[in-house]
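What follows is each chain in one-letter form.
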Amino acid sequence: MASLLSLREATVQFGARAVLDAVDLEVAEHEIVCVLGPSGSGKSTLLRAVAGLQSLDAGRVELDGRDQRGVPAHKRGVGLMFQDHQLFPQRDVGGNVAFGLRMHGVPRGEQADRVAVLLELVGLPKAQRRAVASLSGGEQQRVALARALAPRPRLLMLDEPLGQLDRSLRERLVVELRELFDELGTTVLAVTHDQGEAFALADRVVVMREGRIAQAGTPLEVWQRPADEFVARFLGFENVVPATVTGERADTAWGKIPVPHGAPTGRSSRFWCGRPGCG
Amino acid sequence: MEIYRQTAQLLDLPTAAVLTLVQFAAVGLILAIHAWTVRRRESALKLVDAAGAARRPRGAGQWALLGLVVATVAVLILLPLGVLVQRSFAGPDGFGAAYYRELTSAEGGAFLVPPIEAVGNSLQYAVVATGIAVVIGGLAAAALTRRAGRLVRGFDALLMLPLGVSAVTVGFGFLIALDEPPLDLRASWILVPLAQALVGVPFVVRTMLPVLRAVDGRLREAAAVLGASPLRAWREVDLPMVRRALLIAAGFAFEESLGEFGATVFIARPDNPTLPVAVARLLGRAGDLNYGQAMALSTILMVVCAVSLLLLERIRTDRTAGEF
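Described below are features of the structure shown in this document. Just so you know, these numbers come straight off a predicted model, no measurement behind them.

**Overview of the packing of aromatic side chains**
Right, on to step 1. Taken as a whole, this structure holds six aromatic pairs over all chains when the rule is applied.
Right, on to step 2. Ring geometry for A:Phe230 versus A:Phe234: centroids 6.1 Å apart, planes at 10 degrees, classification stacked. Taken together, the residues A:Phe230 and A:Phe234, both in helix 8 (residues 229-234) and four residues apart, mark about one turn of the helix.
Right, on to step 3. Note on B:Phe172 and B:Phe266: the rings are 6.1 Å apart at their centroids and 35 degrees apart in plane angle, and the pair reads as tilted. Here B:Phe172, found in helix 8 (residues 166-177), pairs with B:Phe266, found in helix 12 (residues 264-267); they are 94 residues apart in sequence, far enough to count as distant. Take B:Phe172 and B:Phe266: they sit in the same class, and that class is buried.
Right, on to step 4. Over the ring of A:Phe88 we find A:Arg91; its NZ or CZ atom is 6.0 Å from the centre of that ring.
Right, on to step 5. Its end group placed over the ring of A:Phe88, A:Arg147 keeps NZ or CZ at 4.7 Å from the ring centre.

Quick look at the structure:
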């Protein structure tokens, strides 16, 4: 598959601190990639760098194989849904969703049609005339999504898409989002600190730590084989002990434990166990 | 006032200049202290619609306070103005518009032109001064919204200076500074609106600044990602939010320019007086007729101010209600 987005050694410095530290990342067309990490790991900066809202200190961002250096945000053709939605308060729902279409010079009639379709799609049919301030958090999130989808961005980026919503709403919406993106064939790069959200949404998960990529892989791979102690603990494995692996057995403080095939041998290996029976 | 007396009546420029410098130093000191105290308290305000904040007074205490305020307003503002209006109609031969009729004739008066022309002069100057003040003040406020370094804060204080040092100093400064090429503007009509705009700029900055600060920069980023160029984003995001503040600022600048006396009196040319200057000049001459004309002209100034205020109020509530 051709890479729609690729980052090559992308680096962003805030003072002496590297918020993004030589990050390499590929996102293929129609792929849904979730960047997972604790707050302050550089996830949002990654999105801002791709969107053109944050300039790189080193490295490159490529879209469709073209270097985006010097291309301003409004010409990159990517969508970004902000963490706190950032709906335009002085416009109604329809005005918000149509904004991107208007900026791209879409004729008025076509705008109205597309807004109606999108609002239907996100589950808010006929909401065009409603004031943004009258919407609940979940509804605002849906409007923000419709607004980001409207100009058909080649890449849609979501910054903590469900961050401000309550648990049950989040669980429902994450499934809806996944279905929606599959249906539209949208390429998505999402950022979250919630592993459940990332695993439910993504084809591929990228775990970040302090501006670097700690691990990348399918949700299953990352879940079964965390690359290091940080990733394991971040994913919720509390019991991490040093172990010496010989053959299919690991010597740990808990005694001998069976390990899957292909585990690296030696004293430095660690063994993580989060579930009863140690997975 | 002493500066004005020294300049206008005694033409003692050195004394006036020294007095000006003393005033400058005092105001500069106060502004520095003000900037220092304000810096720590500044933050973006969430603006609430007046209708949402207004409520009826509760309890005897609040009613008493309200009554006190109304009474103060009545005694200190409405009463003097009312007496002025009433006297302006009490002509030499009983009640009538005799003084007003006199305003339209240039003969034997204090001016080269009929005093009534001051109305047109004032309005024209006010329009131009408002334009200048809004553009300069708006740009200054926009610049001050950006992250403030020491230099920018100094700039902020500098913009407040005309307000503090009194308009007389501004006019005096204009008079002695802009009289040599390449900046010889003494003969130009633009001098008056320029001075008036300078006095109006602090009002514009103070009105615009809190509103501009309250506009979230990420809204502009949201617009950019959706395909809006920086200029377009400003027009689509910032402008609708600051339009009301802009109109209020323009109103302030306009009213300020209409009533401005201290600076204008130095630089307005005799054949082009503004309303307040004409009133003062009429008062400066002896005779019942001049006195009566001054009162009539004051009444006209009052009406012009009130009408322009009401017009602005209408635009404001018509176009931008409920935007905050």
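**A few points about the pairing of strand 8 (residues 188-192) of chain A**
Residues and elements named next belong to chain A.
Right, on to step 1. Most of strand 8 is tucked away, with five of its five residues classed as buried.
Right, on to step 2. The side-chain alternation of strand 8 yields two buried faces, one formed by Val 188, Ala 190 and Thr 192 and the other by Leu 189 and Val 191.
Right, on to step 3. Sheet topology places strand 3 (residues 32-36) next to strand 8; five bridges connect them, and they run parallel. Each residue of the ladder has a partner; that of Val 35, found in strand 8, is Val 191.
Right, on to step 4. When strand 7 (residues 155-159) meets strand 8, the two strands line up parallel, connected through four bridges. Looking at strand 8, one finds that Leu 158 is bridged to Ala 190.

**Here we look at the sheet that holds strand 12 (residues 244-246) of chain A**
Residues and elements named next belong to chain A.
Right, on to step 1. Ordered in space as 12-13-14, the three strands form an open sheet in which the pairing is antiparallel. With one partner strand each, in any of the chains shown, strand 12 and strand 14 (255-258) form the two edges of the open sheet. Each neighbouring strand pair of the sheet contributes to a mean axis angle of 25 degrees, computed without reference to strand direction.
Right, on to step 2. Relative to strand 13 (residues 249-252), strand 12 runs antiparallel, the two sharing three bridges. The residue bridging Val 245 from the neighbouring strand is Ala 250, located in strand 13.

**Here we look at the pattern of salt bridges**
Residue and element names in this part refer to chain A.
Right, on to step 1. All chains considered together, the criterion is met by 24 salt bridges over all chains.
Right, on to step 2. One salt bridge connects Glu 139 with Arg 130, and the closest N-O pair in it is separated by 3.6 Å.
Right, on to step 3. For Arg 178, the salt bridge is made with Asp 182, and the minimal N-O distance between the two is 3.2 Å. With Arg 178 and Asp 182 both in helix 5 (residues 167-184) and four residues apart, the pair spans about one turn of that helix.
Right, on to step 4. With a relative accessible area of 47%, Asp 182 lands in the partly exposed category.
Right, on to step 5. Bridged by salt links that share partners, the residues Arg 167, Arg 170, Glu 171, Asp 194 and Glu 197 form one connected network.

**Re the interface of chain B and chain A**
Right, on to step 1. If you look at the interface, chain B gives 18 residues, while chain A gives 24 residues.
Right, on to step 2. In total, chain B and chain A occlude about 1,800 Å² of area from one another, counting both sides; carbon and sulfur atoms represent 63% of this.
Right, on to step 3. Here chain B is connected to chain A by four salt bridges.
Right, on to step 4. Linking A:Arg102 and B:Glu236 is a salt bridge whose minimum nitrogen-to-oxygen distance equals 2.8 Å.
Right, on to step 5. At the boundary of chain B and chain A, one finds five residue pairs in polar contact (both at pLDDT 80 or more).
Right, on to step 6. Counting residues per element, the ones that place at least two in the side of chain B that touches chain A are helix 10 (217-225) and helix 11 (230-259) of chain B.
Right, on to step 7. Element by element, the count of residues in the side of chain B that touches chain A is highest for helix 10 of chain B, at seven residues.
Right, on to step 8. Its residues assigned to classes, the side of chain B that touches chain A shows 11 nonpolar, two polar and five charged.

Procedures and definitions
- Residues numbered from 1 in each chain as written.
- Chains lettered and ligands numbered in written order.
- Predicted model: local features only at pLDDT ≥ 70, side-chain atom pairs only at ≥ 80, totals over all residues.
- Heavy atoms only, no water.
- Phe/Tyr/Trp six-rings, centres within 6.5 Å; stacked < 30°, edge-to-face > 60°.
- Helix = DSSP H or I, 4+ residues; strand = E, 2+ residues; numbered from the N terminus.
- Buried < 20%, exposed > 50% of the residue type's maximum accessible area, 1.4 Å probe, protein only.
- Lys NZ or Arg CZ within 6 Å of the ring centre and 35° of its normal.
- Pairing = 2+ DSSP bridges.
- Axes fitted to C-alpha atoms, helices over the stretch in contact; angles between N-to-C directions.
- Salt bridge = Lys/Arg side-chain N within 4 Å of Asp/Glu carboxyl O.
- Contact = heavy atoms within 4.5 Å.
- Buried area = accessible area lost by both parts, 1.4 Å probe.
- Polar contact = N/O pair within 3.5 Å; in protein donor to acceptor, adjacent residues only side chain to side chain.
- Nonpolar A, V, L, I, M, F, W, Y, C, P; charged D, E, K, R; others polar.

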